[in-house]
Amino acid sequence: LENFSGDQVRFLARSFGVAGDRTGQISTGHRWPFGPVVVIAPFNFPLEIPLLQLMGALYMGNKVCLKSDSKVSVVMEQMLRLLHHCGMPLDDVNFINSDGQTMHALLMKAEPRMTLFTGSSKV
């Protein structure tokens, strides 16, 4: 959360402007929910990487489907329990514990708007 908290006002705004490198130049960005987002997390960073991706997606109003590696899924399961205990609605995040083939089939059928994958090229 620290990555987002330092710039939270601008990050959560619907739009923002950034001054350019020339007088009078400005770049404008707009933010809105993207839609269903899938986060596929690696086994070697079971909390840090997926949590940053999860928080970014939730902050922007997206529905998240989260899949962590089966070897370390208990870590993310406990983190989600903590978030629910702190007030996060149960239906904001879908947590899937499955093998790669099952997840591939789900991705092909669900057609999410965005997939955030952190892993090796073998997969």
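Above this text sits the structure in question.
Residue numbers here run from 1 along each chain, matching the order of that chain's written sequence. Totals for whole chains, interfaces and linings use all residues, but because this is a predicted model, local features are given only for residues with pLDDT of at least 70 and pairs of side-chain atoms are given and counted only at 80 or more. Heavy atoms throughout the structure, all of them, feed into the side-chain values; hydrogens and water do not.

## Observations regarding the nonpolar core
In this structure, L54, L58, V64, L80, L83 and V93 are the most contacted members of the largest nonpolar core, which totals 15 residues. For the purposes of this entry, the term helix denotes a DSSP run of H or I that reaches at least four residues, the term strand denotes a run of E that reaches at least two, and both are numbered from the N terminus. Residue assignment for this core shows that the elements contributing at least two residues are β3 (37-40), α3 (48-59), β4 (64-67) and α4 (73-85). The element contributing the most residues to this core is α3, with five residues. For L83, the residues in contact, after removing those within four places along its chain, are L51, L54, M55 and M88. Residues V38, I40, C65 and I96 belong to the second largest nonpolar core, which totals six residues. What is meant by a nonpolar core is a set of buried Ala, Val, Leu, Ile, Met, Phe, Trp, Tyr and Cys residues, joined one to another through side-chain atoms within 4.5 Å. We call a residue buried when its accessible area falls under 20% of the maximum for its residue type, exposed when it is over 50%, and partly exposed in between, using a 1.4 Å probe and counting protein chains only. Throughout, a residue-residue contact means that at least one pair of heavy atoms, one from each residue, lies within 4.5 Å.

## Observations concerning the pattern of salt bridges
The term salt bridge refers to a pairing of a side-chain nitrogen on Lys or Arg with a carboxyl oxygen on Asp or Glu at a separation within 4 Å. Applying the stated rule across the entire model yields one salt bridge. Taking the shortest distance from any N to any O, the salt bridge between E77 and R81 comes out at 2.8 Å. Taken together, the residues span about one helical turn, with E77 and R81 both in helix α4 at a distance of four residues. With a relative accessible area of 30%, E77 lands in the partly exposed category.

## Structural notes on unusual backbone geometry
Positioned with a positive phi, E111 is a non-glycine residue whose angle comes to about 50°. Relative to the elements of secondary structure, E111 occurs in the loop between α5 (100-110) and β6 (114-117). Owing to a relative accessible area of 63%, E111 belongs among the exposed residues under this scheme.

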